[in-house]
Amino acid sequence: MSLVLILGIDADTKSVAVVGLSRPHPDGPRSLDMQVRLLAKGRTAEDRFSRLTTHFASFMDVLAGAKLPSWVFIERPMLGPNAKSALDQMMVVGALRAVLLDYDVAHSLVDPGVWKKATIGNGHATKDEIRAWVCAKLGMSDDLEQDFYDAAAIA
């Protein structure tokens, strides 16, 4: 089992992408440990909210049986032109945090510009730049959905 497991989460109101990075040796490099998508179907964000929360709690139950993460980084929702969408996404992130608190798992919210600057070196990195960086650093396939690359860089 990995010495350290770090999760990165890219969440919206339809799905939660989770990527886990492990570090088997304290001074070794991180490697890709898992990638999981939690989906919820429903017409509205309100319809999907409880399903996403339940799916994430079930995911944490599985991890609790093996090894809980040492830390979880969640992308902070950004305020944009659609206030309702931003509020719905904030509710999902809040629910994820509540589940993590139930498991006593340390976690942080990370602004998109911060994780992009810390990883890619550019706080305004494009999707292509993020994908290229993650594929080069972690050996992820280059044919995944973008939120997996984001979650990996967040981790």
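Basis of the calculations
- Residues numbered from 1 in each chain as written.
- Predicted model: local features only at pLDDT ≥ 70, side-chain atom pairs only at ≥ 80, totals over all residues.
- Heavy atoms only, no water.
- Helix = DSSP H or I, 4+ residues; strand = E, 2+ residues; numbered from the N terminus.
- Buried < 20%, exposed > 50% of the residue type's maximum accessible area, 1.4 Å probe, protein only.
- 1 Å grid on protein atoms, 1.4 Å probe; cavity = no way out; pocket = protein on both sides within 12 Å on 5 of 7 lines; lining within 4 Å.
- Points joined across faces, edges and corners; volume = space filled by probe spheres on them.
- Nonpolar A, V, L, I, M, F, W, Y, C, P; charged D, E, K, R; others polar.
- Pairing = 2+ DSSP bridges.
- Core = buried A, V, L, I, M, F, W, Y, C linked by side-chain atoms within 4.5 Å.
- Contact = heavy atoms within 4.5 Å.
- Axes fitted to C-alpha atoms, helices over the stretch in contact; angles between N-to-C directions.
- Patch = residues over 30% accessible without salt bridge, like charges linked within 9 Å, V, L, I, M, F, W, Y side chains within 5 Å.
- Areas by Shrake-Rupley, 256 points an atom, 1.4 Å probe, with all protein chains shown as cover.
- Salt bridge = Lys/Arg side-chain N within 4 Å of Asp/Glu carboxyl O.
- Expected span 1.5 Å × (residues − 1).

1. Let's talk about the overall build of the protein chain
Logical step 1: Helices and strands together make up the secondary structure of the protein chain, namely 5 helices and 5 strands.
Logical step 2: Listing every helix and strand of the protein chain by position from the N terminus yields β-β-β-α-β-α-β-α-α-α.
Logical step 3: Seen through its C-alpha atoms, the protein chain measures out along the principal axes to roughly 45 × 35 × 25 Å.
Logical step 4: Looking at the 155 residues of the protein chain, the share that counts as buried comes to 42%.

2. Focus on the layout of surface pockets
Logical step 1: Looking at the largest pocket, its volume works out to about 250 Å³.
Logical step 2: As for the largest pocket, its lining consists of 15 residues, and the residues nearest its centre are Arg-30, Thr-119, Trp-133, Ala-153 and Ala-155.
Logical step 3: Elements represented by at least two residues in the lining of the largest pocket include exactly helix H3 (112-119), helix H4 (127-138) and helix H5 (146-154).
Logical step 4: Looking at the lining of the largest pocket, its residues break down into 12 nonpolar, 1 polar and 2 charged.

3. Description of the pairing of strand E1 (residues 4-11)
Logical step 1: When you tally the buried positions in E1, you get 7 out of 8 residues, the bulk of the element.
Logical step 2: Two elements, E1 and strand E2 (residues 15-23), share 8 bridges in a ladder whose sense is antiparallel. Paired with Leu-5 across the two strands is Ser-22, which belongs to E2.
Logical step 3: The antiparallel hairpin formed by E1 and E2 contains 3 residues in its connecting segment.

4. Here we look at the nonpolar core
Logical step 1: Judged by nonpolar contacts, the single largest core of 22 residues is most densely connected at Leu-7, Ile-9, Val-16, Phe-56, Phe-59, Met-60 and Leu-96.
Logical step 2: Every element with two or more residues in this core is listed here: E1, E2, strand E3 (31-39), helix H1 (45-66), strand E4 (71-75) and helix H2 (83-102).
Logical step 3: Not counting residues up to four positions away in its chain, the partners in contact with Phe-59 are Leu-7, Val-18, Met-34, Val-36 and Leu-38.
Logical step 4: Core analysis: the second largest hydrophobic core is formed by 19 residues, Cys-135, Phe-148, Ala-151 and Ala-152 among them.

5. Some points on the sheet that holds strand E5 (residues 107-110)
Logical step 1: The strand order across the open sheet built from 5 strands is E3-E2-E1-E4-E5, with neighbouring strands paired in mixed fashion. Of all the strands in the sheet, just E3 and E5 have a single pairing partner and so form its edges. If you compare each strand with its neighbour and ignore which way they point, the axes differ by 20° on average.

6. Describing unusual backbone geometry
Logical step 1: Even without being a glycine, Asp-104 presents a positive backbone phi close to 55°.
Logical step 2: Of note, Asp-104 is situated in the loop between H2 and E5.

7. Observations concerning a nonpolar patch on the surface
Logical step 1: Taken together, the side chains of Leu-79, Leu-87 and Met-90 present a nonpolar region at the surface, about 310 Å² in accessible area.
Logical step 2: Among the secondary structure elements, Leu-79 is positioned in the loop between E4 and H2.

8. Regarding H2
For an α-helix, 3.6 residues make a turn, and residues three or four places apart therefore share a direction.
Logical step 1: For H2, which comprises 20 residues, the first-to-last C-alpha distance of 29 Å matches the rise-based estimate of 28 Å (1.5 Å per residue) to within 8%.
Logical step 2: Every buried residue of H2 is listed here: Ala-86, Asp-88, Gln-89, Val-92, Val-93, Ala-95, Leu-96, Val-99 and Leu-100.
Logical step 3: Along its buried surface, H2 packs onto E1, E2, H1, E4 and E5.
Logical step 4: Note on H2: the residue one or two positions beyond its end, Asp-104, has a positive phi of about 55°.

9. Let's talk about the pattern of salt bridges
Logical step 1: For the coordinates displayed, the defined rule picks out 5 salt bridges.
Logical step 2: For Arg-37, the salt bridge is made with Asp-147, and the minimal N-O distance between the two is 2.5 Å. Pair noted here: Arg-37 is in strand E3 and Asp-147 is in helix H5, with a separation of 110 residues, a long-range link.
Logical step 3: As a salt-bridge pair, Lys-84 and Asp-88 come within 2.7 Å of each other at their nearest N and O atoms. Residue Lys-84 and its partner Asp-88 are both found in helix H2; the two are separated by 4 residues, about one turn of the helix.

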